[in-house]
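For reference, the chains in residue letters:
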Amino acid sequence: MLTQTLLECKTHRWIICGRDPEKPEKILDTNQYLVRTDTRMVILDPGGIELFSSMLACALKHAPIHEITDLFASHQDPDIISSLGLWDQALPKARLHAPWLWEGFIRHFGMHHIEYVPIPDEGGEINLGSVSLQIIPAHYLHSSGNHHIYDPELKILMSGDVGAALEPGQPPLFVEDFNAHIKNMEYFHKRWMPSNMAKNDWIKRVRQLDIEYLAPQHGRIFKGDDVKRFLDWFEKLDVGLGVQASYRN
Amino acid sequence: MLTSQDIDLLLSVYGERSIPRFVVSATLATELSSTIRVARWISISSKNAQAITARSGSWGQGFSGITQFIDEFSRNTIDCANRISHTSRQLSQSAVTLIARRAMTEKLHRVKCAHPDNEYVMQMEQKYQDEVMRLETNNERSFLQLRKLIEEIRDCTRALNSIVATCRIEASRAGPFQQALFVIAADIEAAARKIDERIKVGRKIIDLLGRSANSQV
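Residues numbered from 1 in each chain as written. Chains lettered and ligands numbered in written order. Predicted model: local features only at pLDDT ≥ 70, side-chain atom pairs only at ≥ 80, totals over all residues. Heavy atoms only, no water.

> Where do I start with the interface of chain B and chain A in this structure?
For interface size, the figure often reported is the accessible area lost on association. Counting residues at the interface gives 17 residues for chain B and 17 residues for chain A. Both sides together, the interface formed by chain B and chain A hides about 1400 Å², and carbon and sulfur atoms give 67% of it. In terms of surface lost to chain A, no three residues of chain B exceed B:R17, B:F22 and B:T30, which account for 32% of the buried area on that side. Joining chain B to chain A, the criterion identifies 0 salt bridges. On the surface where chain B and chain A come into contact, there are 5 residue pairs in polar contact (both at pLDDT 80 or more). Where the side of chain B that touches chain A is concerned, the elements lending two or more residues are α1 (4–13), α2 (21–56) and α3 (61–114) of chain B. With 5 residues, α2(B) is the single largest residue contributor to the side of chain B that touches chain A. Taken together, the residues of the side of chain B that touches chain A break down into 12 nonpolar, 4 polar and 1 charged. (Contact = heavy atoms within 4.5 Å. Buried area = accessible area lost by both parts, 1.4 Å probe. Salt bridge = Lys/Arg side-chain N within 4 Å of Asp/Glu carboxyl O. Polar contact = N/O pair within 3.5 Å; in protein donor to acceptor, adjacent residues only side chain to side chain. Helix = DSSP H or I, 4+ residues; strand = E, 2+ residues; numbered from the N terminus. Nonpolar A, V, L, I, M, F, W, Y, C, P; charged D, E, K, R; others polar.)

> Even after reading the chapter, I still don't get the nonpolar core, so can you show me in this structure?
The nonpolar side chains of a soluble globular protein tend to be buried with one another. Formed by 87 residues in total, the largest nonpolar core has its most connected members in A:I65, A:W87, A:L96, A:I114 and B:F22. With 13 residues, the top contributor of residues to this core is helix α5 (residues 178–214) of chain B. Among the nonpolar cores identified, the runner-up in size contains 28 residues, and A:Y150, A:F178, A:I182 and A:F188 belong to it. (Core = buried A, V, L, I, M, F, W, Y, C linked by side-chain atoms within 4.5 Å. Buried < 20%, exposed > 50% of the residue type's maximum accessible area, 1.4 Å probe, protein only.)

> Explain the sheet that holds strand β3 (residues 32–37) of chain A here, please?
The pairing of strands in a sheet comes from backbone hydrogen bonds and takes either a parallel or an antiparallel form. Residues and elements named next belong to chain A. Judged by pairing direction, the sheet is mixed, and its 7 strands sit side by side in the order β1-β2-β3-β4-β5-β6-β7 without closing on themselves. Both edges of this open sheet fall to β1 (2–8) and β7 (115–119), since each of them pairs with a single strand only. Direction aside, neighbouring strands of the sheet carry axes that sit 20° apart on average. By the bridge criterion, 6 bridges tie β1 to strand β2 (residues 12–18) in an arrangement that is antiparallel. Residue pairing for β2: Q4 is matched across the bridge by I16. (Pairing = 2+ DSSP bridges. Axes fitted to C-alpha atoms, helices over the stretch in contact; angles between N-to-C directions.)

> How do you make sense of the packing of aromatic side chains when you look at a structure like this?
Centre distance and the angle of the planes are the two values used to describe a pair of aromatic rings. Residue and element names in this part refer to chain A. Scanning the entire structure with this criterion turns up 12 aromatic pairs over all chains. Ring centres of F174 and Y213 lie 5.8 Å apart, and the angle between their planes is 80°; on these two criteria the pair is classed as edge-to-face. Of the two residues, F174 sits in the loop between β11 (156–158) and α5 (178–192) while Y213 sits in strand β12 (residues 213–215), which places them 39 residues apart along the sequence. Owing to a relative accessible area of 18%, F174 belongs among the buried residues under this scheme. A residue is classified by how much of its surface remains accessible, and Y213, at 10% relative accessible area, is buried. With a centroid separation of 4.8 Å and an interplanar angle of 15°, the aromatic rings of F188 and W192 are classed as stacked. Highlighted residues: F188 and W192, both in helix α5, separated by 4 residues, approximately one helical turn. Since its relative accessible area comes to 4%, F188 is described here as buried. Among the aromatic residues, those joined into a ring-pair cluster are F178, W202, F222, F230, W233 and F234. In this structure, K223 is placed above the aromatic ring of F174, and the distance from its NZ or CZ to the ring centre is 4.3 Å. (Phe/Tyr/Trp six-rings, centres within 6.5 Å; stacked < 30°, edge-to-face > 60°. Lys NZ or Arg CZ within 6 Å of the ring centre and 35° of its normal.)

Structure follows, in structure tokens:
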């Protein structure tokens, strides 16, 4: 699995893990993010059960097992957190920050040792001691209980499925040509995002943040001006395509 | 990089739980990978020494003879560390699979107890039991291989330590090239110390691995 430091400052650094060449072919590629401080590490959307071994190896390159103290699940999907049962056995002492709405569902993945920290609808924070990450509500994008992570210091928004693109092979880490990238993400957003109202509410909230990197869970990362380009594009996009699709025949 | 104290700490943070084998073997893979970097550094030092001795004529003849041993040592170390890394990664993956297979066997056993006449369930349970046994045997084999490899890499380091002493003696005979070869000998010595430290940690992790095998996780 590829692992690369995205951004860093005195107190912490962001690392991306993904583009796993060993993953089974039919499994969707996912980006996992690590935020490492000097003594702790959080894994954002730790991924599916099939990726666990690679992801564990990747995480251990950056922190010993006992310093992986926190997990964050933006929502309940299997590609986000179906590895939970294994992390539960692997981590000596950890907390899972996930939407309160999904607690009873997520526990189906197996959780006996990790503490579930329910995130309220209005969001909150993940306190890593020297670093605090903001939890930004993103309900219905696409899950009914959904959050993103914003780091005000490094100006990075981990945006879950928003900004995701489905590309075959091993695409580059960053969007290089925004207009050319649209074709990779248009259907995904039209179909997976159910609500224009939720979308516009999220855009309004996110425009108030100072974002240099918008880092989705699938595909490439948006950097600099491409962040604004993405928000403008997403604002104009009509989502909820599945409703019409059910009447196709 | 972990220290010996970190390994002791690991034992205490898990409390009454045993450390899963897939965690210990993944940790070993990570820890030993730094050995590869150090061994490459030794190889570069050896190349530098070769360049110096080529220029130094008869002054560097003694040192020149040692460089091929140093090169051989670094190659062996890199090879050993690569094999440790590969085997421990495989063991970690296989230990994860074993957990899933054991869980399935337990569930099928419960179904069999509730429906003792169901032949299909009996066959399925047998199939999974066989798979569990196969994985356990393979994992045990990997563990023994890892133990052997870590001893091999330790023997390499011991050999290197004795080479370092000879390097210093030969450097002192190298006249005007003495200082440059002393620097290289010191570099190699420092690298050997680093590898030594990694191996100590690696052996502690191997001990943990042996204990985690008995805990069935």
